[in-house]
Every structure is written in structure tokens, then in C-alpha cells.
Amino acid sequence: MNGCNGYYALSDSSPPPMPWFGMDIGGTLTKLVYFEPKDLSEAEEASEVESVKSIRKYLKSSSAYGETGHRDIHLQMDNLIIGKRKGTLHFIRFPTSEMNPFLALAKSKGLATMASTICATGGGAYKFEEDFKREVNLSLHKFDELDSLIRGIEYIEDNNVDKECYYFVNSRDQDNCQKCTYDFSNPYPYLIVNIGSGVSILSVYGPNNYKRVSGTSLGGGTFLGLCCLLTSCQTFEEAIELAAKGNNHEVDKLVKDIYGGDYDRFGLGGDVVASSFGHMNSKEKRSKVSKEDLACATLTTITNNIGSIARMVAANEKIEKVVFVGNFLRVNQISMRMLSHAMDYWSNGQLKAIFLEHEGYFGAVGCLLELLKNQEVQHKKDI
Amino acid sequence: MVSCPGPATLRMMRKIRVSLKIVDKLGSFSVVLGHLYLQEPQLAYLLLEIDLVEKEEEVMSSEQPYISSIQLPNNGEVFRNLKRAKRFAIDIGGSLTKIAYYSTVSYRKVSYNSEQGTNDEEAGDIHLYESSELERLHFVKFETKYIEQCLDFVQKHLVNCKDSIIGKSIKATGGGAYKYAELITKKLGFIVEKEDEICCLIKGCNFLLRNIPDEQFVYCKHEDPEYRFVNSEPSIFPYLLVNIGSGVSILKVESEDKYERIGGTSMGGGTFWGLGCLLTKAKGFDDLLQLASEGDHRNVDLLVKDIYGGDYDTHGLSGDIIASSFGKAMHISTGSSKSFSEADIARSLLFTV
């Protein structure tokens with residue numbers, strides 16, 4: 001089934017050798033998607049190479065790998081047909097800074113002897129190309145991260161119908177805020193705001209028809225970096241937890257702090273933030289705020305900035321549906337609600353903020369699909 | 001030592017309008033205008049417009065804690081010519097309060113005897129001083145939190161010359177015009193006429209753009225000189241005005257009366273100042289700027305080349321572009337020694353805002 005000389009060309013009509021992975025090596029996190037075949041015939045099972053089996057066992061044995069690897073079990077998708085095979089898609093992530101331990105692990109599981117194929121996207125696909133070749137004898141098939149992103153979104157949406165897209169109602173109201181599913185069957189045109197370490201904003205006009213229209217360097221990486229400096233927290237989860245407990249009103253200067261009330265002439269209510277961290281130049285005020293307040297202010301600033309840019313781009317592009325993805329939104333309902341509110345409020349209800357369950361994994365999925373592209377095409381012809 | 005020729009001689013020379021940027025060791029600068037007169041083949045005279053100020057002025061001593069955070073270009077002499085002030089206007093913003101007032105300045109002008117030949121006069125043979133009066137616009141700024149002390153000072157020094165002030169009201173704008181109106185009336189006895197800040201901003205901008213030569217300039221990092229003055233021909237409209245104060249307002253100005261606030265952001269000067277105070281030991285805004293000028297942001301920010309190992313050609317993003325501001329700052333807590341300094345943080349912060 002797989003030879004030792006195994007360079008697999010994508011133009012080959014036979015399927016690539018197992019295991020099938022899609023990998024998105026981003027600035028902060030690496031996202032891995034693993035396809036576990038469930039339709040192995042007895043003959044196949046017998047001839048399966050030991051290392052492929054051991055990899056499968058290892059990945060399924062737990063949801064935590066080492067100290068920093070995680071498998072998001074709640075995102076697992078069963079009964080998918082990819083590349084003419086039926087199986088389950090697993091979603092795994094680990095920090096890109098742990099790439100070397102990952103390569104060592106892969107080597108120890110025998111990946112180097114299998115000469116299988118991994119498709120990779122994200123900047124790291126270029127940056128770590130040499131390391132992959134050297135450590136595990138793998139050439140990475142590289143795909144553009146934004147192409148993969150779009151491909152991944154459209155595939156998952158098609159296969160997780162009625163469950164993938166959602167939005168919030170009453171986002172401002174803590175007690176009555178509700179998550180509702182959204183029907184994305186007629187998507188075009190829509191805006192994608194991908195919030196990773198940094199932000200990319202894409203306009204999607206039709207299948208395979210998109211353009212990167214804008215972006216900003218103030219993204220998840222900025223939030224985490226600033227939080228670590230301001231509060232000495234160690235992880236993203238910790239930062240979010242701190243933010244959830246804090247209040248930004250003591251840190252940020254609001255319109256009412258400057259005007260004594262609303263600024264009616266231009267419709268700016270007294271509670272709108274006029275200057276983020278605007279109170280922090282005062283020693284007295286600095287001594288009164290807590291770590292939680294600082295974390296909350298950082299989250300608010302970054303989120304509102306992204307929302308503001310997204311809104312302006314949507315107005316320019318004349319698009320009403322804004323889809324927010326990326327791992328910044330993982331376990332971060334605060335930002336999701338803030339974005340929902342901002343889109344709605346500043347556009348007077350014209351714009352809608354939409355979110356997807358698989359958050360930051362679309363690039364990796366798109367990559368996997370690219371690997372099996374020929375199989376997919378073949379499969380569609382067979383039906 | 002070369003002597004300066006008389007005005008008649010100068011008038012015959014070729015002249016070029018120049019602007020000089022005078023930078024002090026803290027990086028604050030003033031731009032002074034003048035003319036360079038060229039006397040072929042090798043000589044040139046530089047005449048600068050520096051105004052003369054009466055020395056008998058009251059000086060606000062630096063021991064008083066009125067201005068501590070923002071450095072003013074002329075040390076000590078803050079409220080010049082206050083005794084002859086004719087009209088006041090005040091803009092009380094989120095962090096800073098700006099006062100503009102106009103008063104008269106005595107001006108000593110050199111007058112030459114135009115009958116004498118120009119070539120046989122010696123330099124320094126100045127015959128007459130002419131005294132004249134000029135109206136000048138003065139600008140002062142200080143932190144809004146010291147507004148009460150400032151009003152006290154102004155009130156003390158206006159006591160003798162209240163008659164020179166035209167009218168019984170003072171125009172005020174900015175949020176503070178609403179917040180501090182009562183205080184101003186109580187201290188200075190003027191009625192406060194509140195004006196909308198955006199309207200004033202645009203009126204002021206239009207006035208300066210139209211009437212002051214060399215008001216607007218373009219900055220080109222790689223050119224020499226970096227500053228290039230431009231003029232708006234034939235009309236100054238339409239233009240986009242981005243007002244960066246504590247926060248930011250973006251305005252579209254189409255004509256004298258037609259303008260719209262089209263957007264804004266809460267990430268402005270206040271954010272830079274506030275976060276700067278939290279993240280560094282800088283003692284003030286100017287200190288922060290100085291720190292930023294010494295740092296290297298690449299130790300703190302994640303660049304495209306840190307993610308891609310080079311340029312991201314597909315979408316035209318060069319390797320040196322910042323992909324994620326402060327993207328490297330999260331690694332400080334992994335126990336490894338910090339690989340960036342306060343100066344690096346300050347610079348990164350400046351770029352972020």
C-alpha cells in the first residue's frame with residue numbers, strides 16, 4: 001500500500017497513502033486535522049503498516065498529548081466521506097513554539113519511515129519545510145492559507161448543516177443572550193474576518209472567487225502578548241478568565257468622562273469608550289485597577305478595533321454578512337458577544353455577525369481536501 | 001567674519017524659502033521659517049524669522065506643578081503677552097487643554113537709510129529701530145487635570161487688564177466645555193459660550209489651511225529633507241481630517257459648511273500614553289516618545305517573516321510587515337529571560353496605535 005520510495009504526486013489517480021493529515025502552521029498555534037478511516041476491510045487491516053496503526057492508536061488514546069497538545073473531541077465529525085473513504089475527522093492543536101517536540105514525537109512514531117504525505121498551510125509550511133524534511137523525511141505540499149481557509153469553511157458548512165453557523169441575539173444582555181443557528185445555504189457575498197495572531201479580512205463573492213481586502217496586526221497575538229505583559233498570565237485561557245471577571249470602565253476613558261454625559265451631536269452615548277486605557281496615565285487611577293480590569297480592557301480594545309475595521313470594510317464592499325473565525329474566538333464568548341453587538345449597533349442593524357463552530361480549523365481542513373482533491377473529483381464523477 | 005548686506009542688496013539676490021527644524025535633545029522640535037539669499041558664486045545669507053519678545057513679561061515658574069507631563073518648546077515662558085490679551089478661546093479635551101489667545105506684541109524692526117550705497121556700508125551699522133505693534137496668536141497647552149490651577153493663574157494675571165479683553169464671554173469647546181463650564185465662569189467671570197468641538201476643529205483647520213503659508217506638509221521617510229511643504233491648489237476641499245487626540249475622530253470635509261463624522265476609534269493618544277505608563281517606567285508622554293525612538297519593535301512584534309520565513313508573496317505582504325503586534329510578548333512568562341527592553345515595548349506600542 002505504501003512504498004518506501006513514496007513520493008506521492010497530487011496528480012496521481014490512486015489515493016495517497018495513509019495517514020491523512022492536514023496541517024495549518026500559524027503564527028501562534030498549529031492546527032492539525034486527522035482523518036481516521038472507519039471502513040477498513042479485513043484485508044486492509046492485515047496489511048496495514050504497523051506505524052500507521054500505532055499513530056491511529058496514539059491519537060485516539062487521549063485528548064491531551066504531552067503538555068500542550070489538545071484534541072478537541074467536541075468538534076469531532078463522524079461519518080464523513082472524504083477521498084472515497086468513510087471515517088472520522090479529528091481536530092488537534094498545539095503551540096507552534098512546540099514544533100520541535102512535535103517533530104521528535106512524529107519521528108518516534110515512525111512517520112519518517114512511512115514517507116506519507118502531509119499537506120500544510122500557514123506561514124510555518126514555508127518556515128518549517130526544511131525541518132520536516134530533515135527530521136521526518138517529509139516534503140510538505142504547500143497551499144495558500146487563505147485558499148485553504150475558504151475551502152475548509154465551505155466544506156464543513158456543507159457537511160455540518162444546521163449546526164455549524166450561529167449568531168447571537170440580545171448580545172448585550174448577560175442573562176438573555178442566546179445562541180441561534182444560522183442558515184448559510186445562500187452565502188454569497190460574505191466577508192470573512194480571520195482572527196489568528198493577526199487578522200485577515202476577505203471578501204467572498206462566489207465559489208473560488210475571493211479577495212483579501214484588508215487586515216490588521218492587532219489580533220489574538222496582540223491580546224495575549226499585552227495581557228502577559230500587563231498581568232503576568234501564562235496562557236490564553238488564563239487571560240480570558242481574568243478578562244471575564246474584570247471591568248474596563250476604570251481603565252478606559254469613556255465619552256461621559258470627557259463630556260460629563262452623552263455627546264449628542266454625533267450620536268455617541270456616554271458609555272462609549274472614547275480613549276482605550278485613557279485613564280492609565282494617572283498614577284492614582286493605576287493603583288486602583290486590578291489585573292482583571294486590565295485584561296478586560298485589553299480584550300475590549302482589541303475586539304472593538306477588529307469590529308470597527310470589519311464594519312468599515314463591510315460598508316465599503318457593500319456586504320452584510322460578516323463571518324468571524326479564528327482561534328482568538330475559542331472559549332471567548334465575551335469577544336463574540338462584543339462583536340455581535342458592535343456590528344449590530346454601529347450599522348443600525350444592517351450587518352450581522354456570524355460565527356462557526358470549528359473556529360480555527362478551516363485552514364487545516366482545506367489543506368486535507370486539497371490533498372485528496374483528485375479523489376474528491378473522482379468520487380463526484382462516480383456518484 | 002562676513003557681514004550682512006543691506007536690504008537693497010538682498011533684494012537683488014536670488015532667494016529661496018527655507019524651513020529649519022531645530023531639535024532639542026529630547027526630540028521636541030520647532031520649525032522656523034526664513035529665506036536663503038544667494039550671492040554668487042559662493043556666498044549665502046540665511047535670514048530667519050524669530051520673533052522678539054518683551055522681557056518684562058511675567059514668567060510662569062517651573063516650580064509650580066502646572067505643566068509636568070508635556071514639554072513646551074520655550075522653557076518657562078508659557079503665557080506670553082498675557083497682559084495685552086484681547087480674546088481667549090479654550091479647548092478642553094480628554095487629556096489636554098489647549099488655549100489660543102491673541103494679543104499684541106511690540107516689534108522692533110530694523111530700518112535702513114535707503115539713500116546710502118549698498119556696497120560701502122559695513123555690517124552692524126544699524127541706524128534706527130522702529131517700534132511697531134503686531135497682533136500675534138499664542139498657543140498654550142497643559143493637562144486637563146490641572147485646569148483649576150491654570151484658571152487661577154489666568155485670573156490672577158488678568159486682573160489689571162480686564163478692559164483689554166473684548167466682550168464678556170469666552171468661547172470654549174471640547175468635552176470639558178460642558179463639564180467645566182461652571183468652574184470657568186466662577187473663576188474668570190466670563191460667560192462660557194460652548195461650541196461643538198468638531199465644528200471648531202474644521203473651522204480652525206480651514207482657516208489655517210487657507211491663510212497660513214507652509215501650514216501643511218508631507219512626511220517622506222526616505223527623502224531628504226523628510227518634510228516637504230505642500231499647498232492645496234485650487235481648493236482645500238474635499239479633505240479627510242483625522243483628529244488624533246485622546247481618541248480619534250475621522251471627518252469628511254466637503255466644503256466650508258458641509259462635513260460629516262464618518263468614523264473614529266478609541267485607540268488614540270490616550271491609549272499610547274496609558275499603556276505606556278503601565279508597561280514602562282517612563283515618566284511622561286515625552287519620555288515615552290524618547291524611549292520609543294531608541295527601541296526595536298522587531299523583538300516584540302511578530303513579523304510576516306517570523307511566520308513565513310520570508311515574504312508572503314501570494315497576497316503581496318512583504319516579510320517586514322507586522323503580522324501581529326506584541327505577538328512575541330507572550331513568551332516572556334515561559335521563564336526564559338526577556339529578549340526585549342522597555343524601549344522595544346514603547347516602540348511597538350507606538351506602531352500599534
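For the structure, see preceding data.
Now for a quick tour of the structure.

Conventions used here
- Residues numbered from 1 in each chain as written.
- Chains lettered and ligands numbered in written order.
- Predicted model: local features only at pLDDT ≥ 70, side-chain atom pairs only at ≥ 80, totals over all residues.
- Heavy atoms only, no water.
- Pairing = 2+ DSSP bridges.
- Helix = DSSP H or I, 4+ residues; strand = E, 2+ residues; numbered from the N terminus.
- Axes fitted to C-alpha atoms, helices over the stretch in contact; angles between N-to-C directions.
- Contact = heavy atoms within 4.5 Å.
- Buried area = accessible area lost by both parts, 1.4 Å probe.
- Salt bridge = Lys/Arg side-chain N within 4 Å of Asp/Glu carboxyl O.
- Polar contact = N/O pair within 3.5 Å; in protein donor to acceptor, adjacent residues only side chain to side chain.
- Nonpolar A, V, L, I, M, F, W, Y, C, P; charged D, E, K, R; others polar.
- Expected span 1.5 Å × (residues − 1).
- Buried < 20%, exposed > 50% of the residue type's maximum accessible area, 1.4 Å probe, protein only.

Across a sheet, strands are paired by hydrogen bonds formed along the backbone, either parallel or antiparallel in direction. Residues and elements named next belong to chain A. On the basis of which strands lie adjacent, the open sheet formed by seven strands has the order 10-9-17-16-11-12-13 and mixed pairing. Each having just a single partner strand, strand 10 (178-181) and strand 13 (209-216) make up the two edges of the open sheet. Each strand of the sheet is rotated relative to its neighbour by a mean of 30°, with strand direction disregarded. In this structure, strand 11 (residues 190-195) lies alongside strand 12 (residues 199-206), joined through six bridges in antiparallel fashion. By the bridge assignment for strand 12, Ile 192 is matched with Leu 202. Here helix 12 (residues 291-317) sits on the sheet in contact with strand 11, strand 12, strand 13 and strand 16 (321-325), set at roughly 155° to strand 11.

Moving on, we get to the interface of chain B and chain A. Listed per partner, the contact involves 52 residues of chain B and 51 residues of chain A. Summed over both partners, the interface of chain B with chain A comes to about 4100 Å²; 62% of that surface belongs to carbon and sulfur atoms. Inspection of the region where chain B meets chain A yields one salt bridge. Between Arg265(A) and Asp196(B) there is a salt bridge, with its nearest N and O atoms 3.2 Å apart. At the surface where chain B touches chain A, the tally comes to 18 residue pairs in polar contact (both at pLDDT 80 or more). Counting only elements with at least two residues in the side of chain B that touches chain A, the list comes to helix 3 (175-179), helix 5 (197-211), strand 13 (259-265), helix 6 (269-279), helix 8 (304-308), strand 15 (322-324) and helix 9 (342-352) of chain B. It is helix 6 of chain B that provides the largest number of residues to the side of chain B that touches chain A, a total of eight residues. In terms of residue class, the side of chain B that touches chain A is made up of 23 nonpolar, 24 polar and five charged.

In this section: helix 12 of chain A. Residue and element names in this part refer to chain A. The end-to-end C-alpha distance of helix 12, which contains 27 residues, comes to 39 Å, matching closely the 39 Å that a straight helix rising 1.5 Å per residue would cover. Of all 27 residues in helix 12, 19 are buried, a share of seventy percent or more. In the segment just after helix 12, Lys 318 is the residue with positive phi, at about 55°.

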